[in-house]
Protein chains: 2
Amino acid sequence: MIGVAILGSTGSIGTTALRVLERQHTRYRVAALTAHSNKVLLAEQATRWQPGYVGLVQDGSGHPAGWETGPQCLVRAAQRDDVQVVLNSVVGAAGLDATLAALERGKRVALANKETLVMAGALTQAAAKRGGGEIVPVDSEHSAILQCISGRPRSEVRRLILTASGGPFRSWTRAQLESATLADALKHPTWNMGRKITVDSATLANKALEVIEAHILFGIPYEQIDVVVHPQSVVHSMVEFVDGSVLAQVGQPTMEIPVLYALTHPERVVDHGISSFDPVKMSPLTFEPVRLDDFPALALGREAGMAGGAAPAVFNAANEAAVALFLDGKIRFMEIPRAIRSALDAVGGAPSETRVALGEADARARAHVREHFAC
Amino acid sequence: MIGVAILGSTGSIGTTALRVLERQHTRYRVAALTAHSNKVLLAEQATRWQPGYVGLVQDGSGHPAGWETGPQCLVRAAQRDDVQVVLNSVVGAAGLDATLAALERGKRVALANKETLVMAGALTQAAAKRGGGEIVPVDSEHSAILQCISGRPRSEVRRLILTASGGPFRSWTRAQLESATLADALKHPTWNMGRKITVDSATLANKALEVIEAHILFGIPYEQIDVVVHPQSVVHSMVEFVDGSVLAQVGQPTMEIPVLYALTHPERVVDHGISSFDPVKMSPLTFEPVRLDDFPALALGREAGMAGGAAPAVFNAANEAAVALFLDGKIRFMEIPRAIRSALDAVGGAPSETRVALGEADARARAHVREHFAC
């Protein structure tokens, strides 16, 4: 039995993972569960799964005895000896330390927290190298790429083609985008996700983070990572090889497939819970170019990735801060990329060599956005 | 340098292969060329490539000195010591002996002659086992499947999904099909191929052969091999794995990709001659169910495959004979599947254990069709 820790078990990915583990209970055991603040659901999950460890990030009372509370619970869960796989679906930079801790201890991190990699790609890779851990992506796009590459060497890859749903504003004019509301942004066409990531999907900041994540995970230069809009979200991403052949991973938009694959990679296990793919039902599949000028976050992310150093962390932190302001009704939709641009210019060149330095760059970027953009 | 013999070098696949080898000349050497009857083009190719062996299937005079003529040239080319890969693109059952000979000698057979496998799957596999040879498919569909499986064990495959262009009659009514002419049938929507295979594509007999070929090549039961119509021929086929994930191989409809992959599998080599895939240009991709009742050859092929023994050989031979009659204007389009049905009923249970027995079943099926269907 392989012990799994689920960090963020009450969120969208966490609950998906528990559905998958329900079916795969002969191979995997839920060893640890942590949640941010949803005590009620976490208590239900703990009763059902009887993990050896339960953690709640939000301090406070009113939780069952035996739970550990406070932000350190993420790292504690990730480090446990009875945990071999850490599914990290914590939202945002808060997930970084747990990823580093798990990698240092030689564990597999099934990573749904792309900010971890974006913020601290070099640190993460160094931790994996030191500790013998490995990162397997849970994002549907990166899982698709991993499945398409399937053990072939990086030298055989010509290009990655990430697909993007295009978000709710795919066909909005620039003028419409300027007046887009929060309610508009939260209508995601195909995936049912949390609020922060749904806004990221509307700005394409999410795709920017994924481009950086792909660069770090697969070691492919930014020039060889393309994005194409694919509104149906059936083709999850593609890999073009050096001989001109292209493999694509396709399927209905359920996160159960990439979650399961992150556990079993490079193997596959039988899962009857995932129904057969019906290409006729998915037809037609369409592809469009990205409107880079109207969704500037994508180009900003690529720029930050290429700049390296603290710039990706600043991109991520500025985006998080700006999205928080947008969710609070304090800035308008198109101010999100402007806030990122401004933070990159102000803080992008900050030191980045250590976890502490990155934390400072992160904090400065957030402060910059709050100071200059909150009204 | 790897020596390549091209059997059928003046045909569509043969000339494609030479274009590919032109670019890959640092890895591969053209060691042998054979053609059926196109002396002029074969002479040009021989001058350009200077192979150690040139063969012409059609006996006769007027060819350069040093060529070997007669049907035995296929086997002779395939057996040569300076040949490591035999690209077999001979049309129809005539290619079988060369495939067997190459496999017996431990060579790789890059197989564009699907009739070989359909007619004599068991013999072919026994020859490969005895001699240590291997078959790598050149058909775009099977190459796609091979690329999607990419070294994973058969036990991880839930289902193969072969795509079919649907041929020129995809949207024709049954009444229209009954009066379809030769000229109609030769208009293939996406691939530029020989006449026989183009008719097979119109009847879906080609797809039937491919279903049988897939069964033999990949060891997947017929119940787990589906066909879906995909008019754009951009998705070359798909593999659904046991965990519900689906991989697809996609790209522009050029045979250069599967020909090159058949040479290099499981590796990939850089080929700048194959331009980058543009999903936007290929958009939209559509999928439709196969109209099994109106294209009965597909179900007949599946039936023959499941029956086993001589039935697949009879299916293939009856189809070849019927297509020849159709190309000669002697039978109508919808008589092709009727001829196959009739031959399967009459000869499908013939002995099949040896090459000679299969040859007899093949001959009886052809005779049956000519006797009962030629007007």
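Residues numbered from 1 in each chain as written. Chains lettered and ligands numbered in written order. Predicted model: local features only at pLDDT ≥ 70, side-chain atom pairs only at ≥ 80, totals over all residues. Heavy atoms only, no water.

**Student:** Account for the interface of chain A and chain B, naming residues and giving values.
**Tutor:** Often, the extent of an interface is quoted as the loss of accessible area on bringing the components together. Taken together, the 43 residues of chain A in the interface contact 43 residues of chain B. Of the roughly 3,600 Å² buried between chain A and chain B, counting both surfaces, carbon and sulfur atoms make up 55%. Summed over the three residues of chain A that lose the most area to chain B, namely A:D243, A:R268 and A:F287, the buried surface amounts to 18% of that side. Between chain A and chain B we count 2 salt bridges in total. For B:R268, the salt bridge goes to A:D243, with nearest N and O atoms at 2.9 Å. Scanning the region where chain A abuts chain B turns up 30 residue pairs in polar contact (both at pLDDT 80 or more). Sorting the residues of the side of chain A that touches chain B by element identifies α6 (140-149), β8 (157-164), β10 (235-241), β11 (246-250), α11 (256-264) and α12 (279-282) of chain A as the ones contributing at least two each. Tallying contributions element by element places β11(A) first for the side of chain A that touches chain B, with 5 residues. Residue composition of the side of chain A that touches chain B, by class: 24 nonpolar, 9 polar and 10 charged. Sheet topology places β11(A) next to strand β11 (residues 246-250) of chain B; 5 bridges connect them, and they run antiparallel. (Contact = heavy atoms within 4.5 Å. Buried area = accessible area lost by both parts, 1.4 Å probe. Salt bridge = Lys/Arg side-chain N within 4 Å of Asp/Glu carboxyl O. Polar contact = N/O pair within 3.5 Å; in protein donor to acceptor, adjacent residues only side chain to side chain. Helix = DSSP H or I, 4+ residues; strand = E, 2+ residues; numbered from the N terminus. Nonpolar A, V, L, I, M, F, W, Y, C, P; charged D, E, K, R; others polar. Pairing = 2+ DSSP bridges.)

**Student:** Quick rundown of helix α16 (residues 355-373) of chain A? Include the residues and the values.
**Tutor:** The α-helix advances 3.6 residues per turn, and as a result positions three or four apart in sequence lie on the same side. With 19 residues, α16(A) ought to run about 27 Å at 1.5 Å a step, and its terminal C-alpha atoms sit 27 Å apart, in line with that. Here α16(A) has its buried residues at A:A357, A:L358, A:A361, A:D362, A:A365, A:R366, A:H368, A:V369 and A:F373. (Expected span 1.5 Å × (residues − 1). Buried < 20%, exposed > 50% of the residue type's maximum accessible area, 1.4 Å probe, protein only.)

**Student:** Kindly report on helix α1 (residues 12-23) of chain B, identifying the contributing residues and their values.
**Tutor:** Residue and element names in this part refer to chain B. Spanning 12 residues, α1 covers 18 Å between terminal C-alpha atoms, matching the ideal 16 Å at 1.5 Å per step. Of all the positions in α1, only I13, G14, T16, A17, L18, V20 and L21 are classed as buried. Where the residues of α1 are buried, they touch β1 (2-7), β2 (28-35), α2 (39-49), β5 (85-88) and α12 (256-264).

**Student:** Any details on the sheet that holds strand β4 (residues 68-69) of chain B? Residues and values, ideally.
**Tutor:** All names here are of chain B. Taken together, the 7 strands give an open sheet; going across it, the order is β4-β3-β2-β1-β5-β6-β7, and neighbouring strands pair in parallel fashion. Of all strands in the sheet, those bounded by a partner on one side alone are β4 and β7 (134-137). Where β2 lies against strand β3 (residues 53-56), 4 bridges are found, and the strand directions are parallel. Among the inter-strand pairings, A32 is bridged to a residue of β3, identified as Y53.

**Student:** I'd like a rundown of the sheet that holds strand β2 (residues 28-35) of chain A, residues and numbers included.
**Tutor:** Residues and elements named next belong to chain A. The strand order across the open sheet formed by 7 strands is β4-β3-β2-β1-β5-β6-β7, and the pairing between neighbours is parallel. Each end of this open sheet is capped by a strand with a single partner; those strands are β4 (68-69) and β7 (134-137). Across the face of the sheet, helix α1 (residues 12-23) comes into contact with β1 (2-7), β2 and β5 (85-88) while running at roughly 155 degrees to β1. (Axes fitted to C-alpha atoms, helices over the stretch in contact; angles between N-to-C directions.)

**Student:** Go over the domain arrangement of chain A, please, and point to the residues and values.
**Tutor:** Residue and element names in this part refer to chain A. By the assigned domains, chain A splits into domain 1 (2-137) and domain 2 (142-253 + 291-307). Just the C-alpha atoms count here: the centres of domain 1 and domain 2 sit 25 Å apart. In this assembly, 11 residues from domain 1 lie in contact with 14 residues from domain 2. Regarding the contact of domain 1 and domain 2, the summed buried area is about 1,100 Å², with carbon and sulfur atoms giving 71% of it. Contact with domain 2 buries surface across domain 1, with K114, V118 and P137 losing the most and accounting together for 54% of the total. The interface formed by domain 1 and domain 2 includes 2 salt bridges. Summed over the shared surface of domain 1 and domain 2, the number is 4 residue pairs in polar contact (both at pLDDT 80 or more). If you list the elements that add at least two residues to the side of domain 1 that touches domain 2, you get α5 (114-131) and β7. (Domains from an automatic or database assignment.)

**Student:** Requested: an account of the relation of the copies chain A and chain B, with residues and values cited.
**Tutor:** Taken as rigid bodies, chain A and chain B are interconverted by a rotation of 180 degrees and an axial shift of 0.0 Å, the fit giving an RMSD of 0.0 Å. With respect to symmetry, the two chain copies, as superposed, fit the operation of a two-fold axis. Of the interface residues in chain A, 100% have counterparts in chain B that sit at the interface too, so the contact is made through matching surfaces. (Least-squares fit on C-alpha atoms with pLDDT ≥ 70 in both.)

**Student:** Got a sec to walk through the confidence of the model for chain A? Specific residues and values, please.
**Tutor:** Averaged over all residues, the pLDDT of chain A is 94; the fraction at 70 or higher stands at 98%. This prediction of the complex comes with two scores: 0.95 for pTM and 0.95 for ipTM. (pLDDT = per-residue confidence, 0-100.)

**Student:** Kindly report on the side chain of B:R268, identifying the contributing residues and their values.
**Tutor:** Its location among the elements puts B:R268 in the loop between α12 and α13 (279-282). A polar atom in the side chain of B:R268 sits 2.9 Å from the side chain of A:D243. A distance of 3.0 Å separates the side chain of B:R268 from the side chain of B:Q147, its partner in a polar contact. If we skip the residues at most four places from it in the chain, B:R268 touches A:R152, A:E156, A:F241, A:V242, A:D243, A:S245, A:L247, B:Q147 and B:Y261.

**Student:** Please provide a residue-by-residue account of empty space enclosed by the protein, values included.
**Tutor:** Enumeration over the complete set of coordinates arrives at 4 cavities of 30 Å³ or more. In this model, the largest cavity occupies a volume close to 100 Å³. If you go around the largest cavity, you meet 14 residues; those closest to its centre are A:V235, A:V250, A:L285, B:V235 and B:V250. The class makeup of the residues in the lining of the largest cavity is 14 nonpolar, no polar and no charged. Taken as a whole, the second largest cavity holds about 40 Å³ of empty space. Surrounding the second largest cavity, A:Q147, A:S150, A:Y261, A:P266, A:R268, B:C148, B:I149, B:R152, B:F241 and B:L247 form its lining. Counted by class, the lining of the second largest cavity contains 6 nonpolar, 2 polar and 2 charged residues. (1 Å grid on protein atoms, 1.4 Å probe; cavity = no way out; pocket = protein on both sides within 12 Å on 5 of 7 lines; lining within 4 Å. Points joined across faces, edges and corners; volume = space filled by probe spheres on them.)

**Student:** I'd love a proper account of the pattern of salt bridges, names of residues and values included.
**Tutor:** Residues and elements named next belong to chain B. Inspection of every chain in the model, using the stated rule, returns 58 salt bridges over all chains. The partner of E22 in a salt bridge is R48, and the shortest N-O contact between them spans 2.5 Å. Residue E22 is located in helix α1, and its partner R48 is located in helix α2; the two are separated by 26 residues in the primary sequence. Judged by its relative accessible area of 39%, E22 is partly exposed. We note a salt bridge from E303 to R341, for which the minimum N-O separation is 2.7 Å. Here R341 lies in helix α16 (residues 335-347) and E303 lies in helix α14 (residues 296-307), a separation of 38 residues in the sequence.

**Student:** Before we move on, could you go through the packing of helix α13 (residues 297-307) of chain A against helix α14 (residues 311-327) of chain A and cite the residues and values that matter?
**Tutor:** All names here are of chain A. Between α13 and α14, the least distance of the axes is 7 Å, while the angle of their chain directions is 150 degrees. When the axes of α13 and α14 are compared, the pair comes out roughly antiparallel. Residue-level contacts link A297, L300, G301, A304, G305 and A307 of α13 to A311, P312 and F315 of α14. When its residues are assigned to classes, the contact of α13 with α14 shows 7 nonpolar, 2 polar and no charged. (Parallel < 35°, antiparallel > 145°, perpendicular 65-115°, else oblique.)

**Student:** So, the nonpolar core: which residues are in play, and what are the values?
**Tutor:** By size, the foremost hydrophobic cluster in this structure holds 246 residues, and its most contacted members are A:F333 and B:F333. Dropping the residues within four chain positions of it, B:F333 is found in contact with B:F169, B:L177, B:A180, B:A185, B:A202, B:T203 and B:F326. Grouped together as the second largest cluster of nonpolar side chains are 24 residues, A:F287, B:A248, B:V250 and B:M282 included. (Core = buried A, V, L, I, M, F, W, Y, C linked by side-chain atoms within 4.5 Å.)

**Student:** Quick one: what's the story with the packing of aromatic side chains, residue by residue and with numbers?
**Tutor:** Counted under the stated rule, the structure contains 6 aromatic pairs over all chains. Here B:F169 and B:W172 contribute two aromatic rings whose centre-to-centre distance is 4.5 Å and whose plane-to-plane angle is 55 degrees, an arrangement assigned as tilted. Exposure remark for B:F169: the relative accessible area of 0% places this residue in the buried category. Seen from their ring centres, B:F326 and B:F333 are 5.8 Å apart, and the 65 degrees between their planes marks the pair as edge-to-face. An identical accessibility class is assigned to B:F326 and B:F333; each is buried. Members of the aromatic cluster, joined through ring pairs, are A:F169, A:W172, A:F326 and A:F333. (Phe/Tyr/Trp six-rings, centres within 6.5 Å; stacked < 30°, edge-to-face > 60°.)

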